[in-house]
Amino acid sequence: MKVLVTVTDVAVVDDEFEIDGLGVDERYLTYELNEWDDYAVEEAVQIAEAGEGVEVVTVTVGPERSEETVRKALAKGADRAVRVWDDAIADRELLDAETKAELLAAVAREEEPDLILSGVQSGDDSFAATGVTLAEKLGEEWAAVVNQLELDADAGVASVHRELEGGVEELTDVELPAVLTIQTGINEPRYASLRGIRQAQNKPLDVKALDDLGLDESALETPLRWTATYEPESEGDATVFEGGADETAGELAAVLREEGVGQ
């Protein structure tokens, strides 16, 4: 059995930053493994640990910088990785969910996984659409916002528990191959051990360009345009009450009365 996990590194912005053109100046950015993808990696590794002959492969669309994030996934138990990137992709100002799904689908067609796990969303762009778009392109069944998973590989069925809007919870069966988007809280992601970190340096990490995937630059076309980046203005000031509980509680009560709260 093969499980393919989509991973990405997300930008974390410093408290104080400057905008350079259409983005935040790189001096104020650090990158880390996307939180939702971390849970997806852990779920895949647990599937591998519970069965025999399970291979976990990660795939990411990103520049060389993202290999540090990919190695973290390998250190946590993934067997090998694929990174998609070339100059044509680098020249694009925006890679939307449709574009990423097109690139990931090309890798999936080569890998032919039985199950694809993807984080519900990324912590920076937050499109929350890549996983389900990937399923559509592959013509596979899918389930989104999965917070519990029981896999019956012999029967080719994944029983999933989904968290829906309004507190509604759903239990459904999905036939494999399928794409599942994983919600935080489905498990407890592990820390990479020192041994895992060392082993990750020797695990295969293949870099594929558009040509390698049988694609051309038309796969990168999108109707979306990134037009501006700005820091929203603050709509109000915060009041900080300092002192003991009795004193600050009285001050807060006075402010609330002035605002008409409770009247």
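Just so it is clear, the structure is predicted and the values come from calculations on it, not from any experiment.

Conventions and cut-offs
Residues numbered from 1 in each chain as written. Predicted model: local features only at pLDDT ≥ 70, side-chain atom pairs only at ≥ 80, totals over all residues. Heavy atoms only, no water. Helix = DSSP H or I, 4+ residues; strand = E, 2+ residues; numbered from the N terminus. Buried < 20%, exposed > 50% of the residue type's maximum accessible area, 1.4 Å probe, protein only. Contact = heavy atoms within 4.5 Å. Areas by Shrake-Rupley, 256 points an atom, 1.4 Å probe, with all protein chains shown as cover. Lys, Arg positive; Asp, Glu negative; His and termini not counted. Charge placed at Lys NZ, Arg CZ, Asp CG, Glu CD. Core = buried A, V, L, I, M, F, W, Y, C linked by side-chain atoms within 4.5 Å. Salt bridge = Lys/Arg side-chain N within 4 Å of Asp/Glu carboxyl O. UniProt positions renumbered as here; feature names shortened; annotations may be inferred.

Chemist: Could you clarify how one ought to interpret the overall build of the protein chain in this entry?
Modeler: Scanning the protein chain for helices and strands turns up seven helices and 13 strands. Overall size of the protein chain, expressed as C-alpha extent along the three principal axes, is 65 × 45 × 40 Å. Counting over 263 residues, the protein chain shows a buried share of 42%. Long-range contacts, defined as pairs at least 24 residues apart, comprise 69% of the intrachain contacts of the protein chain with a sequence gap of at least 6. Accessible surface computed for the protein chain: about 15,000 Å², of which carbon and sulfur atoms make up 44%. Computed over 20 positive and 63 negative side-chain charges, the separation of the two mean positions in the protein chain equals 8 Å.

Chemist: What should I look at first to understand the nonpolar core in this one?
Modeler: As a rule of thumb, nonpolar side chains are buried together in soluble globular proteins. Core analysis: the largest hydrophobic core is formed by 32 residues, its most contacted members being Val5, Leu117, Val146, Leu149, Val160, Leu180 and Ile182. For this core, the element with the most residues is helix α1 (residues 35-50), which contributes six residues. Contact partners of leucine 149, with chain neighbours within four places excluded, come to Glu43, Ile47, Ala158, Ser159, Val160, Leu180 and Ile186. Ranked by size, the runner-up nonpolar core spans 26 residues in total, among them Val59, Ile89, Ala135 and Ala219.

Chemist: What should I look at first to understand the pattern of salt bridges in this one?
Modeler: If charged atoms from side chains of opposite charge come close, those side chains can pair. Inspection of every chain in the model, using the stated rule, returns 14 salt bridges. Note that arginine 83 is salt-bridged to glutamate 67, the shortest N-O span being 3.1 Å. Of the two residues, arginine 83 sits in strand β7 (residues 80-84) while glutamate 67 sits in helix α2 (residues 67-75), which places them 16 residues apart along the sequence. Taking relative accessible area as the criterion, arginine 83 reaches 7% and is therefore assigned buried. A salt bridge links glutamate 102 to lysine 137, with the nearest nitrogen and oxygen atoms 2.9 Å apart. Pair noted here: glutamate 102 is in helix α4 (residues 97-111) and lysine 137 is in helix α5 (residues 130-138), with a separation of 35 residues, a long-range link.

Chemist: Would you take a moment to explain the UniProt feature "domain: Electron transfer flavoprotein alpha/beta-subunit N-terminal" (unreviewed entry) in the protein chain for this structure?
Modeler: The UniProt entry lists residues 21-217 under the feature "domain: Electron transfer flavoprotein alpha/beta-subunit N-terminal" (unreviewed entry), expressed in the numbering used here. The annotated region residues 21-217 carries 30% helix and 30% strand content, and the separation between its end C-alpha atoms amounts to 24 Å.

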